[in-house]
Every structure is written in structure tokens, then in C-alpha cells.
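Below are the chains, spelled out letter by letter.
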Amino acid sequence: MAESSGPSAPASAGLALPLVFDAPRRGMPPRHLADLDAPGRRAAVEELGLPKFRADQIARHYYGRLEADPTTMTDLPAADRSKVAEALFPPLLTRVREVMCDNGATRKTLWKAGDATLLESVLMRYPDRATLCISSQAGCGMACPFCATGQAGLQRNLSTAEIVDQVRAAAAELRDGEVPGGPGRLSNIVFMGMGEPLANFARVVKAVRRITSPSPDGFGISQRAVTVSTVGLAPAIRKLADEDMSVRLAVSLHTPDDELRDTLVPVNNRWPVAEVLDAARYYADKSGRRVSIEYALIRDVNDQPWRADMLGKKLHKVLGSRVHVNLIPLNPTPGSKWDASPKPVEREFVRRVQAQGVPCTVRDTRGQEIAAACGQLAAEG
């Protein structure tokens, strides 16, 4: 999903930032099946007076058949379906609006949670894969001035089930042939929608495990096909590495120097570039995965040739061959002072990073005409 701009001025260097990885549970929806691991599911069905085997049976409907309505689970006794629905399937997300481009292959969904919170997901179908960009928070507290979500502020964390159900809904759309190209399978998940995933750490990790475990515990998508992004919460990057997963880490760096990054990514005031890259190296060492460095190229702000040289040198020194730069042409919002760099500047930036021995490519920015950058559709209401 492309980065986006917001109309506000840059955040101040003294911005107060969260002291913990997980915000309070206020506003969270009631317990849902997708919030529970296998022992939790068994305990929940026993609370309903049902035999333990019903737990996996119900989970296979949700994760294997992508069903979230117990009234369609015909292998459950009719008398039990309403009990299961009330206890394990509270309403989570309702489609408010869906907008499309690329002949329907890119579609952005605006969801409303039970408390009227708005969040977004974007499904992008390519010839060889189908990628879903999902939200982990409603809004974002990181306050990056060029990002529409960051300028909207943080409303709340999403529950594990609210994160997971975005995946179930998209997987069902593809399976049922609702996306042009015929029936298909969801192959890639990117935690790069609304929110800072590592600021909702525990629920995001649980969601990753639901997404990647085989049925009846999850959807069975490969961990290697899941990307978790962060603006650089260094302790949380290390904590994620210690989870011993093989998901890809994407670090939204946006500039290699602390002076500018303090303004573009205010969390840099707490964890500067050197500390973020050191944590990224720890993640690469632990996971064996190459780290992706996300860099939104902004005209006359962070696109100077010397910054490209500095970026390449720092990344090569710290991460060696275990890094790749993903250059993002900025997707500005109407009226914003931020704009994308011209193509010649973009090409020169790529050339200079590559000259330092670091792979660098330009991201395919789908969906600009449907406000597919994080937060833009929700901001429109």
C-alpha cells in the first residue's frame, strides 16, 4: 500500500510517544473465536455445555471454509447454533464501502467495527499472487506528518479477531470468484494498513499465528508470505525476533539521517536510526530473513543524492546482503504540501543506493485513484 500525505505541519521533536507496546483494551469487541487458541476454544465450547470436539469442528468452518455465521454450520445441532453464535461470533466488521480500480483487481474496503470505529484493508490481485494489506489499529499514534493515518491520530488497537477477520473476508472473496480473474487463493499478507503493528504487539503476533497455522488453528498461509511493518520501535523489533517466526520485517525508515527523521518519523526521537538498524540486524540474524527498508520518496525533502549515498552506505555496513530498499513514490492527498519526487530523481536515487551494493527497487503503487493509501478512505468518511 502506498504511503500518503496529510495536510498538517511536521510533528514537533518533543511529541509524547507511547511508553508501552499495547494500549489499554478499552473499546475492544466481545470475545470471538479468532481471539482464542486451541485450548481457549475447547474451554469456550465446554462453557456452552458442548463436547470438546465441537471446538475444532467450529474452527474448521471459520478457518477452513471461511464461514463466520454459525447458522450455516449444518453439522452443528440446530439447537446449539444460536448459542455458538452468541458466545463465539459477535459481529466484528461490516462493509461500509468498497472502491475498485485496475479493472477490479485492486479493491479497498472501508470497514465499520461494532463500536463504529472505521478501518481499512486493500486487496491487490496480480497474475502470480494475491496480496492483502491489513490494518492492526484504527488510526495511528506515530504522527508521521506525510501519512493520512498518522495525522488522524490513534483511536484504538484492533482485537486479534478484527485483524484476522480482514483476512477471512478477503480469502472468501477470492475463493468465490468475486475478484476478476476467477476463483483464487489469498497468498500474501502485509501488515501495512492503518496503524503501527508493533504498538499492538501481542494481538498482532497472535493474529500472525492464526493466519499462518494450518486449519483448524488458522488459514495456513506461509509465514514467509507475511510482512510486518514498523516505523522503528526498536525494542519491539527485538521482541518480534525472539518470537522465532519467519515473517518478513519491513522498517519504514524514510531517511538515513536523524535530523530529518526526527521530523518525518517522530518516534526517531526515542529510537534513532542506528538503534533501529541494529534491531533490524538482530531480526535478520534471528529469522534468517532479509529486511525490507521502506522509503517514501518526497520531493525536495528526502530525495537528495547525498541521502541516497548515506542510505546505501549505512545499510550495507549494518545489514550487508540481508536488506532490500523498497522505494515508494509518495501518494499525496488533495491539498497536501507533500509531493512525489520526479521520475529522474527517483531513478538517480535508485542508482546511487544500488551503487553501494544494496538492492533497491520502486514499489508498484496501485490504487492511487481510489485513495488506497492508508487512512485516506476513512478520512473521507
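The sections below set out a description of the structure shown in this document.

What counts and how
Residues numbered from 1 in each chain as written. Predicted model: local features only at pLDDT ≥ 70, side-chain atom pairs only at ≥ 80, totals over all residues. Heavy atoms only, no water. Helix = DSSP H or I, 4+ residues; strand = E, 2+ residues; numbered from the N terminus. Buried < 20%, exposed > 50% of the residue type's maximum accessible area, 1.4 Å probe, protein only. Contact = heavy atoms within 4.5 Å. Areas by Shrake-Rupley, 256 points an atom, 1.4 Å probe, with all protein chains shown as cover. Polar contact = N/O pair within 3.5 Å; in protein donor to acceptor, adjacent residues only side chain to side chain. Phe/Tyr/Trp six-rings, centres within 6.5 Å; stacked < 30°, edge-to-face > 60°. Pairing = 2+ DSSP bridges. Axes fitted to C-alpha atoms, helices over the stretch in contact; angles between N-to-C directions. Core = buried A, V, L, I, M, F, W, Y, C linked by side-chain atoms within 4.5 Å. Expected span 1.5 Å × (residues − 1). Parallel < 35°, antiparallel > 145°, perpendicular 65-115°, else oblique. Left-handed = near helix turned anticlockwise from the far one by under 90°.

What follows concerns the overall build of the chain. Helix and strand content of the chain: 12 helices and 12 strands. Across the 381 residues of the chain, 59% fall into the buried class. Once local pairs closer than 6 in sequence are excluded, the contacts in the chain between residues at least 24 apart make up 70%. Entry remark: accessible area of the chain is about 14,700 Å², with carbon and sulfur atoms responsible for 51%.

All right, on to the side chain of S341 then. Here S341 lies in the loop between β11 (323-329) and α11 (343-355). On the basis of relative accessible area, S341 is assigned to the buried category, the value being 9%. Polar side-chain contacts of S341 include one of 3.3 Å to the backbone nitrogen of R299. Among the polar contacts listed, one links the side chain of S341 to the side chain of D303, at a separation of 2.8 Å.

For any two aromatic rings, the description comes down to two numbers: the centre-to-centre distance and the angle of the planes. Applying the stated rule across the entire model yields six aromatic pairs. Ring plane angle 50° and centroid distance 6.2 Å describe the contact between Y62 and F89, whose orientation is recorded as tilted. Within this pair, whereas Y62 is found in helix α2 (residues 53-64), its partner F89 is found in the loop between α3 (78-88) and β1 (93-101), the two being separated by 27 residues in sequence. Like Y62, the residue F89 is buried in the burial classification. With a centroid separation of 5.1 Å and an interplanar angle of 70°, the aromatic rings of Y63 and F219 are classed as edge-to-face.

If you trace the 10 strands from one edge of the open sheet to the other, you get β1-β2-β3-β4-β7-β8-β9-β10-β11-β12, paired in mixed fashion. Sheet topology places β1 and β12 (360-362) at the edges, where each strand pairs with a single neighbour. The sheet shows a mean angle of 20° between the axes of neighbouring strands, direction not considered. Those strands touched by helix α6 (residues 201-212) are β7 (188-191) and β8 (226-230), and its axis lies near 175° from that of β7.

As a further point, take the nonpolar core. Nonpolar side chains tend toward joint burial in soluble globular proteins. By size, the foremost hydrophobic cluster in this structure holds 109 residues, and its most contacted members are L186, I189, F191 and V325. Here this core gets nine residues from one element, more than from any other, and that element is helix α5 (residues 160-175). The contacts of V325, once residues within four sequence positions are left out, are I293, Y295, L311, L315, V353, V358, P359, C360 and T361. Core analysis: the next-biggest nonpolar cluster, separate from the first, contains seven residues, V122, M124, Y126 and V190 among them.

Taking 1.5 Å of rise per residue, the 12 residues of α2 would be expected to cover 16 Å, and the 16 Å separating its terminal C-alpha atoms lies within 8% of that figure. Listing the buried residues of α2 in full gives R54, A55, Q57, I58, A59, H61, Y62 and Y63. On its buried face, α2 sits against α1 (38-47), α3, α5 and α6. Immediately beyond the C-terminal end of α2, within one or two residues, lies L66, with a positive phi of roughly 60°.

With 12 residues, α6 ought to run about 16 Å at 1.5 Å a step, and its terminal C-alpha atoms sit 17 Å apart, in line with that. The buried count for α6 comes to nine of 12 residues, which makes it a mostly enclosed element. Close packing links the buried residues of α6 with α2, β6 (154-157), α5, β7, β8 and α7 (234-241).

Turning next to the packing of α1 against α2. Close contact between α1 and α2 brings their axes to 8 Å; oriented N to C, the two are set at 115°. Classified by the angle their axes make, α1 and α2 are roughly perpendicular. Between α1 and α2 lies a crossing of right-handed hand. Across the interface between the two elements, R41, R42 and V45 from α1 touch R54, A55, D56, I58 and A59 from α2.

Let's shift gears to unusual backbone geometry. Cis geometry marks the peptide bond from S215 to P216; its omega dihedral reads 15°. With respect to the element layout, P216 can be found in the loop between α6 and β8. Although it is not a glycine, L66 sits at a positive phi angle of roughly 60°. Inspection of the secondary structure assignment puts L66 in the loop between α2 and α3. A positive phi angle is found at N103, which is not glycine, with a value near 55°.

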